[in-house]
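Per-entry structural report
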Amino acid sequence: MAVQKKLTEANLTVGFVAKRSGVKVSTLHFYENKGLIRSWRNSGNQRRFKPDVLRRVAVIKAAQAMGITLEEIKQTLATLPEQRTPTQKDWSALSKQWQKKLDERIAYMQRLRERVDGCIGCGCLSMSKCPIYNKGDHLGETQSGAILLERD
């Protein structure tokens, strides 16, 4: 009963929000610093949160689990009027914005899986058909990184 009463109040402590949302206090400070969540200060200059921050943190965690960057999350949440916490309808619209990006990531990971197949266990990087072998570093003059794996 005390938890239910606490959730209806608009002055949740950072410790309570951290425990209830399953993230560290430092993570909440980081999210706030990045503009993903908001707090206010009470008369004792202590950080307080409104109860809807719990839903907002849940949305952030769900998006991160899908591989969405914090910057992408911030940009998407910024589309909500008055930075409100997403409703179920909002979440449906937000997640649709990310579906194409997720499909692209899945396709990319599948291509990587198919291409590194020959190198796993080899370790020598000298096979004539190795998908990441760059003989004489001929690509190093114009590009960097694992570019051979990323080619279609």
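All residue numbers here refer to positions counted from 1 along the written sequence of the relevant chain. This being a predicted model, a pLDDT of at least 70 is required before a residue's local features are given, and a value of 80 or more before pairs of side-chain atoms are given or counted; all residues contribute to the totals for chains, interfaces and linings. In computing side-chain properties, one takes all heavy atoms of the structure into account and sets aside hydrogens as well as water.

Some points on the packing of helix α2 (residues 14–21) against helix α4 (residues 53–65)
Here, axes are lines fitted to C-alpha atoms. For helices the fit covers the stretch in contact, and angles between N-to-C directions go from 0 to 180 degrees. Helix and strand labels come from DSSP, where a helix needs a run of H or I of at least four residues and a strand needs a run of E of at least two; each type is numbered from the N terminus. Relative to each other, α2 and α4 sit at 45°, their axes nearing to 10 Å. Looking at the two axes, α2 sits oblique to α4. The two elements α2 and α4 meet at a crossing, and its hand is right-handed. From α2, Val17, Arg20 and Ser21 reach across to α4, where they touch Val53, Leu54, Val57 and Lys61. The nonpolar class holds Ala, Val, Leu, Ile, Met, Phe, Trp, Tyr, Cys and Pro. Asp, Glu, Lys and Arg form the charged class, and all remaining residues, Gly among them, are polar. Classifying every residue of the contact of α2 with α4 by side-chain character gives four nonpolar, one polar and two charged. We call two directions roughly parallel when the angle between them is under 35 degrees, roughly antiparallel when it is over 145, roughly perpendicular when it lies between 65 and 115, and oblique otherwise. Should the near helix be turned anticlockwise from the far one by less than a right angle, the crossing is termed left-handed; should it be turned clockwise, right-handed. Working rule for contacts: check all heavy atoms of both residues, and any pair within 4.5 Å makes them a contact.

So, the layout of surface pockets
Considered as a void within the structure, the largest pocket measures approximately 200 Å³ in volume. Using only the protein atoms, space was sampled on a 1 Å grid; points where a 1.4 Å probe fits but cannot get out form cavities, open sets with protein on both sides within 12 Å along at least five of seven lines form pockets, and lining residues are those with an atom within 4 Å of a point. Along the walls of the largest pocket sit Ile37, Arg38, Ser39, Trp40, Lys50, Asp52, Val53, Arg56, Gln83, Arg84 and Thr85, which together make up its complete lining. Split by residue class, the lining of the largest pocket holds three nonpolar, three polar and five charged. Grid points are joined across faces, edges and corners, and a volume is the space filled by probe spheres set on the points.

Description of α2
Taken residue by residue, α2 has Val14, Phe16, Val17, Ala18 and Ser21 as its buried positions. Within two residues after α2, Gly22 carries a phi angle of roughly 80°, on the positive side. For each residue, the accessible area found with a 1.4 Å probe, counting protein chains only, is set against the maximum for its type, and the residue is called buried under 20%, exposed over 50%, and partly exposed in between.

Regarding the environment of Lys61
Counting through the fold element by element, Lys61 comes out in helix α4. Classification of Lys61 as partly exposed rests on a relative accessible area of 34%. Here the alpha-carbon distance between Lys61 and Val23, two residues 38 residues apart in the chain, equals 9.1 Å. Beyond its immediate stretch of four places on either side in the chain, Lys61 contacts Ser21, Gly22, Val23 and Tyr31.

Some details on the nonpolar core
Remark: nonpolar core denotes a set of buried residues (Ala, Val, Leu, Ile, Met, Phe, Trp, Tyr, Cys) joined through side-chain atoms within 4.5 Å. With 24 residues, the main nonpolar core has Leu28, Ile37, Ile73 and Leu77 as its most contacted residues. For this core, the secondary-structure elements that each account for two or more residues are α2, α3 (25–33), α4, α5 (70–77) and α6 (88–115). Per-element tally for this core: the top contributor is α4, with six residues. Excluding residues within four positions of it along the chain, Ile73 makes contact with Leu36, Ile60, Ala63, Gln64, Ile68 and Trp98.

Examining α5
Within the span of α5, buried status applies to Glu72, Ile73, Thr76 and Leu77. In a view along the axis of α5, the buried residues occupy a sector of 130°, so they form one face of it. Here the arc refers to the set of directions running from the helix axis out to each C-beta atom.

Concerning the sheet that holds strand β2 (residues 40–41)
When DSSP finds two or more bridges between two strands, those strands count as paired. Taken together, the three strands give an open sheet; going across it, the order is β1-β3-β2, and neighbouring strands pair in antiparallel fashion. The outermost strands of the open sheet, each flanked by one partner alone, are β1 (12–13) and β2. Of the strand pairs in this sheet, β2 and strand β3 (residues 47–49) are connected by two bridges, and their pairing is antiparallel. Looking across to β3, one finds that Trp40 is bridged to Arg48.

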